[in-house]
Amino acid sequence: VQLQASGGGLVQAGGSLRLSCAVSGRTFSSYGMAWFRQAPGKEREFVAAISRSGGSTKYADSVQGRFTISRDNAKNTVYLQMNSVKPEDTAVYYCAAGSDGHYYVKSYEYDYWGQGTLITVSS
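Residues numbered from 1 in each chain as written. Predicted model: local features only at pLDDT ≥ 70, side-chain atom pairs only at ≥ 80, totals over all residues. Heavy atoms only, no water.

Can you lay out the sheet that holds strand S7 (residues 67-72) for me, pointing to particular residues and giving the numbers?
Spatially, the four strands line up as an open sheet ordered S1-S3-S8-S7, and their pairing is antiparallel. The sheet is open, and its two borders are formed by strand S1 (3-6) and S7, each paired with just one other strand. Adjacent strand axes in the sheet meet at a mean angle of 15°, parallel and antiparallel pairs treated alike. As paired elements, strand S3 (residues 17-23) and strand S8 (residues 77-82) share six bridges and run antiparallel to each other. Each bridged residue has a counterpart across the sheet, and for alanine 22 the counterpart in S8 is threonine 77. (Pairing = 2+ DSSP bridges. Helix = DSSP H or I, 4+ residues; strand = E, 2+ residues; numbered from the N terminus. Axes fitted to C-alpha atoms, helices over the stretch in contact; angles between N-to-C directions.)

Give a description of the packing of aromatic side chains that names residues and reports values.
Scanning all chains against the criterion turns up six aromatic pairs. Measuring from centroid to centroid gives 6.0 Å for tyrosine 31 and tyrosine 112, while their planes differ by 65°, and the two rings are edge-to-face. Taken together, the residues tyrosine 31 in the loop between S3 and strand S4 (32-38) and tyrosine 112 in strand S10 (residues 112-113) connect sequence positions 81 residues apart. By relative accessible area, tyrosine 112 is classed as partly exposed at 29%. Taken together, a centroid distance of 5.2 Å and an interplanar angle of 55° make the contact between phenylalanine 36 and tryptophan 113 tilted. One end of the pair, phenylalanine 36, is in strand S4; the other, tryptophan 113, is in strand S10, with 77 residues separating them in the sequence. For tryptophan 113, a relative accessible area of 28% gives the class partly exposed. Joined through ring pairs, the aromatic side chains of Phe36, Phe46, Tyr104, Tyr110 and Trp113 make up one cluster. Geometry around tyrosine 94 places arginine 44 over its ring, the cationic atom sitting 3.9 Å from the centre. Lying across the ring of tryptophan 113, arginine 44 places its NZ or CZ 4.8 Å from the centre. (Phe/Tyr/Trp six-rings, centres within 6.5 Å; stacked < 30°, edge-to-face > 60°. Buried < 20%, exposed > 50% of the residue type's maximum accessible area, 1.4 Å probe, protein only. Lys NZ or Arg CZ within 6 Å of the ring centre and 35° of its normal.)

Go over the nonpolar core, please, and point to the residues and values.
One recurring pattern in soluble globular proteins: nonpolar side chains tend to sit buried together. Formed by 36 residues in total, the largest nonpolar core has its most connected members in Met33, Trp35, Leu80 and Tyr93. Broken down by secondary-structure element, the contributors of at least two residues to this core are S1, S3, S4, strand S5 (45-50), S7, S8, strand S9 (91-98) and strand S11 (117-122). When near neighbours in sequence (up to four residues on either side) are disregarded, leucine 80 contacts Leu17, Arg18, Leu19, Trp35, Val47, Ala48, Phe67, Thr68, Ile69 and Tyr93. (Core = buried A, V, L, I, M, F, W, Y, C linked by side-chain atoms within 4.5 Å. Contact = heavy atoms within 4.5 Å.)

As structure tokens, then:
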């Protein structure tokens, strides 16, 4: 299984950005998916997660109401729509896949990881 994240870049505070994570393989619809991020000098932290069907989602308090995670099982892709971004959202964003189809907030629950995409929010 390979995960390829894209969509990162430079955005002004208050702006929007959408990340995509394309997943190889024919079993994408069986994976729980998540986004994590890691800011310089900080530990990796949970951002958002979605169940294999897309029917359940969970967000970190810091992004609740601003970010939306979604998935398209026909396209083997998970998305993170980021609105009203803040300078503190600056980080490398990683997508992750979990084989049991559920979603978790702990990074060790996920089996596969993408390479990360950098988002820089300017003030």
